[in-house]
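One letter stands for each residue in the lines below.
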Amino acid sequence: MQDLKVVIIGAGIGGLTAGIALQQAGYEVEIYDRVKELRPAGAGISLWSNGVKVLNRLGLGEEMAKIGGQMERMEYRTKTGELLNDIDLMPLIEQVGQRPYPVARRDLQNMLRSAFQGEVKLDRKCIAIEEDENKVTAIFENGDQAQGDLLVAADGVRSILRTYVLGYEVEPKYGGYINWNGLVPADAELAPKNTWAIYVGEHKRASMMPVAGDRFYFFLDVPLPKGTPANPDNYKTELKEHFKGWAEPVQLLIDRLDPAAVARPEIHDVGPIDSFVRGKVALLGDSAHATCPDLGQGGCQAMEDGLVLSNYLLSTNLGVEDALKRYETERKQRANAVVEKARQRAEQIHGKDPIVTAKWYAQLAYERPTDVTDAIAKVISAGPLH
Ligand code: FAD
């Protein structure tokens, strides 16, 4: 189909990537976001090869390589620092044809924002959608409206528009743990600069991975009740307590982090849900399938969504609603499977059943590094750009 106008609600990773893909397909695109200033939520993200391949397809591969960290290895260690497994990532890269890139979220957002041609209209909170036979209209809190041939609802894990599409409300599900994350200067005292270092124990995790600018993106995961009070002034003391007795690099990491610049989300996911599409409205990214970050796939899935959506609009001509149904069929299967797999992984890592977590710790010590890379490659290769 040609000459379509697309309204996108939400300028996160999903909305921006979809915007770029749809513009490159030749469509007119308008993006709206409720915030007054675009700021990424969180410090970093690991874009696995399936996400990077979408960026390659959109002509952003070289820029991505500049802002991405050179991650050659993964190292699993016990909480006291004994090496459990040292994993060369080359077999993975050779198998799937593209290296993964950890990246600072701000760098990724800046890259996507510059690649989207035109304005992102801010301070526009979408509160309702109306559809007739020909058009779909977004209605904003300030009284403005935007009309298009289709609307992409990329409004995140707490999506309002999901209720319009499903006809009922879905409460995001608490993943059972809190994740402190931020950036620190890279330093060999913390971890080798080409390595994703992961310390595991007591159902917690401490992790560092390289991003451009000689920095590590780190996260510290702790299973805690939802609603545990949060105050940046206390982050260091709390983390010192949660990670008491852990290896020296973990202690140094906590000493060096800047609590004012640390994000502390309670991890939630969504779904699997039954529909991604209603009429001329398509859910995309976290609004459809927010995913526990334990596979590093939520953002990558949002990127895949954007590409698949623009491909169906371009390659079919039975109307917008038909193209969206095709998008839904393909993406529901893929992204819902990833939601479920990531949830199982989150439970395994964070001690939902302590016996399962103990088995995983034991397994880390004896499994072959290629078993780990094969499992990652399987998730990557099930995507649209094998
Ligand atoms: P969002 O980024 O949430 O964007 C939604 C946008 O919509 C926001 O800008 C918001 O302001 C706007 N909005 C919301 N409501 C409205 C409204 N009513 N009107 C207008 N605008 C609205 N993924 C990976 O691939 N790899 C990783 O390593 C990884 N690590 C993660 C670590 C953590 C701790 C977390 C929490 C997530 C991680 N993810 C990872 C997942 C990834 O961050 C998300 O999947 C991705 O950011 C989703 O993008 P999105 O555009 O769908 O949603």
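Up top you'll find the structure we're talking about.
Here's what I pulled together on the structure shown here. Bear in mind that the values here come from a model prediction, so they are computed numbers and not experimental data.

## Side note on the packing of helix 1 (residues 13–24) against helix 10 (residues 298–315)
Part 1 of the argument: Where helix 1 contacts helix 10, the axes come no closer than 8 Å and their chain directions differ by 30 degrees. What the angle tells us is that helix 1 and helix 10 run roughly parallel. In this structure, helix 1 meets helix 10 at a crossing whose hand is right-handed. Within the contact between the two elements, helix 1 uses Ile13, Gly14, Thr17, Ala18, Ala21 and Leu22 and helix 10 uses Gly299, Ala302, Met303, Gly306, Leu307, Leu309, Ser310 and Leu313.
Part 2 of the argument: Tallied by class, the residues present in the contact of helix 1 with helix 10 amount to 9 nonpolar, 5 polar and no charged.

## So, the site of the ligand
Part 1 of the argument: What surrounds the ligand is a group of 32 residues, the closest being Gly14, Asp33, Ser46, Asp286 and Gly299.
Part 2 of the argument: The contact in question runs from an oxygen atom of the ligand to an N or O atom on the backbone of Gly14, over 2.8 Å.
Part 3 of the argument: Cys126 places a main-chain nitrogen or oxygen 2.9 Å from a nitrogen atom of the ligand.
Part 4 of the argument: Burial of the ligand by the surrounding chains reaches 86%, relative to a free accessible area of 1,000 Å².
Part 5 of the argument: Counting residues per element, the ones that place at least two in the shell around the ligand are helix 1, strand 3 (44–47), strand 12 (173–185) and helix 10.
Part 6 of the argument: Classifying every residue of the shell around the ligand gives 12 nonpolar, 13 polar and 7 charged.

## Looking at the packing of aromatic side chains
Part 1 of the argument: Summed over all chains, the structure comprises 7 aromatic pairs.
Part 2 of the argument: Between Tyr32 and Phe140 the ring centres are 4.7 Å apart and the planes differ by 35 degrees, which places this aromatic pair in the tilted class. Of this pair, Tyr32 sits in strand 2 (residues 28–32) while Phe140 sits in strand 9 (residues 136–140), placing them 108 residues apart in sequence.
Part 3 of the argument: Its relative accessible area of 5% is what places Tyr32 among the buried residues.
Part 4 of the argument: Relative to Phe219, the ring of Tyr217 lies with its centre 6.1 Å away and its plane at 55 degrees, an arrangement referred to as tilted. Here the two residues Tyr217 and Phe219 agree in accessibility, since each one is buried.
Part 5 of the argument: Through successive ring pairs, a cluster of aromatic residues spans Tyr76, Trp360 and Tyr361.
Part 6 of the argument: The side chain of Lys204 reaches across the aromatic face of Phe243, ending 6.0 Å from its centre.
Part 7 of the argument: Directly above the ring of Tyr164 sits Arg278, whose terminal nitrogen or CZ lies 4.0 Å from the centroid.

## Quick word on the nonpolar core
Part 1 of the argument: Leu22, Leu47, Met64, Leu108 and Leu151 are the most contacted members of the largest nonpolar core, which has 100 residues in total.
Part 2 of the argument: If you look at the next biggest cluster of nonpolar residues, it comprises 27 residues, including Ala186, Met208, Trp246 and Leu253.

## As for the pattern of salt bridges
Part 1 of the argument: Scanning the entire structure with this criterion turns up 27 salt bridges.
Part 2 of the argument: One salt bridge in this structure joins Asp221 and Arg205, with 2.6 Å as the shortest N-O distance. You can see Asp221 sitting in strand 15 (residues 215–223) and its partner Arg205 sitting in strand 14 (residues 204–211), a full 16 residues away along the chain.
Part 3 of the argument: For the salt bridge of Asp322 with Arg326, the shortest nitrogen-to-oxygen distance reads 2.8 Å. With Asp322 and Arg326 both in helix 11 (residues 320–349) and 4 residues apart, the pair spans about one turn of that helix.

## Considerations on the pairing of strand 6 (residues 101–104)
Part 1 of the argument: Of the two faces of strand 6, the one lined by Tyr101 and Val103 and the one lined by Pro102 and Ala104 are each fully buried.
Part 2 of the argument: Sheet topology places strand 3 next to strand 6; 4 bridges connect them, and they run antiparallel. Within strand 6, the residue paired with Leu47 across the bridge is Tyr101.

## Topic: the packing of helix 11 against helix 12 (residues 354–366)
Part 1 of the argument: The interhelical angle for the contact between helix 11 and helix 12, taken along N-to-C directions, is 85 degrees, at an axis separation of 7 Å. Taken together, helix 11 and helix 12 sit at an angle that is classed as roughly perpendicular. Contacts between helix 11 and helix 12 involve Arg345, Glu347, Gln348 and Ile349 on the former and, on the latter, Val356, Thr357, Trp360 and Tyr361.

Conventions and cut-offs
- Residues numbered from 1 in each chain as written.
- Predicted model: local features only at pLDDT ≥ 70, side-chain atom pairs only at ≥ 80, totals over all residues.
- Heavy atoms only, no water.
- Axes fitted to C-alpha atoms, helices over the stretch in contact; angles between N-to-C directions.
- Helix = DSSP H or I, 4+ residues; strand = E, 2+ residues; numbered from the N terminus.
- Parallel < 35°, antiparallel > 145°, perpendicular 65-115°, else oblique.
- Left-handed = near helix turned anticlockwise from the far one by under 90°.
- Contact = heavy atoms within 4.5 Å.
- Nonpolar A, V, L, I, M, F, W, Y, C, P; charged D, E, K, R; others polar.
- Near = heavy atom within 4 Å.
- Polar contact = N/O pair within 3.5 Å; in protein donor to acceptor, adjacent residues only side chain to side chain.
- Areas by Shrake-Rupley, 256 points an atom, 1.4 Å probe, with all protein chains shown as cover.
- Phe/Tyr/Trp six-rings, centres within 6.5 Å; stacked < 30°, edge-to-face > 60°.
- Buried < 20%, exposed > 50% of the residue type's maximum accessible area, 1.4 Å probe, protein only.
- Lys NZ or Arg CZ within 6 Å of the ring centre and 35° of its normal.
- Core = buried A, V, L, I, M, F, W, Y, C linked by side-chain atoms within 4.5 Å.
- Salt bridge = Lys/Arg side-chain N within 4 Å of Asp/Glu carboxyl O.
- Pairing = 2+ DSSP bridges.

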